Amino acid sequence: QVQLVESGGGLVQAGGSLSLSCAASGRTFSNLVMGWFRQAPGKEREFVAAISQNSGRTNSGGSVKGRFAISRDNAKSTAYLLVNSLKPEDTAVYYCAAREGMRVRTTWDEYDYWGQGTQVTVST
């Protein structure tokens, strides 16, 4: 089993930034592909970004490309999501996810483990 704990969410004004963290335990972190998803009220869970085990490959969803950046520190067993130039439509619960596989995936049902989520609210 893998335990994931997100932190760093909050209330921010439009145009602002936040740094989200996801601390992992229970498995060798460097063997996991890490991803971030988000879900707004009444909407489906949306892919945000993912990163391969050695950070050699990343992928970002179209709506956040160029504004959000995913990274990881295998020594700290932590993944990060830097969210910049926030817009009100970025308001959602942000979830960290992990998968035991070799490929970076963009659909939520290909991830094996999930955190509880952290709320990001962007005000106008």
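Please refer to the structure placed before this passage.
Here we summarise the structure given alongside this text. Quantities reported herein were computed from a predicted structural model and do not represent experimental measurements. Within any chain, residue numbers begin from 1 and follow the written order of that chain's sequence. Predicted model: local features are reported for residues with pLDDT of at least 70 only, side-chain atom pairs are reported and counted for 80 or more only, and whole-chain, interface and lining totals are derived from all residues. Each side-chain value is worked out from all heavy atoms of the structure, with water and hydrogens disregarded.

## Focus: the sheet that holds strand β7 (residues 68-73)
Here comes step 1: Spatial ordering of the open sheet is given by β1-β3-β8-β7, a layout of 4 strands whose pairing is antiparallel. Both outer strands of the open sheet, β1 (3-7) and β7, are each paired with one neighbouring strand and no more. Ignoring which end each strand starts from, the neighbouring axes of this sheet average 15 degrees apart. Following DSSP output, two strands are said to pair if at least two bridges run between them. Only DSSP runs of H or I covering at least 4 residues are called helices, and only runs of E covering at least 2 are called strands; the numbering of each starts at the N terminus. As a rule, the C-alpha atoms of each element are fitted with a line to give its axis, helices using only the stretch in contact, and angles between N-to-C directions run from 0 to 180 degrees.

## Comments concerning unusual backbone geometry
Here comes step 1: Even without being a glycine, Ser77 presents a positive backbone phi close to 55 degrees.
Here comes step 2: Positionally, Ser77 belongs in the loop between β7 and β8 (78-83).
Here comes step 3: Of the residues examined, Ser77 reaches a relative accessible area of 22% and is grouped as partly exposed.
Here comes step 4: The phi torsion at Ser85 lies on the positive side, around 50 degrees, for a residue other than glycine.
Here comes step 5: In this structure, Ser85 sits in the loop between β8 and β9 (92-99).
Here comes step 6: The buried label goes to any residue with under 20% of its type's maximum accessible area, the exposed label to any with over 50%, and the partly exposed label to all in between, with areas taken from a 1.4 Å probe on protein chains only. Taking the relative accessible area as the measure of exposure, Ser85 reaches 41% and is therefore partly exposed.

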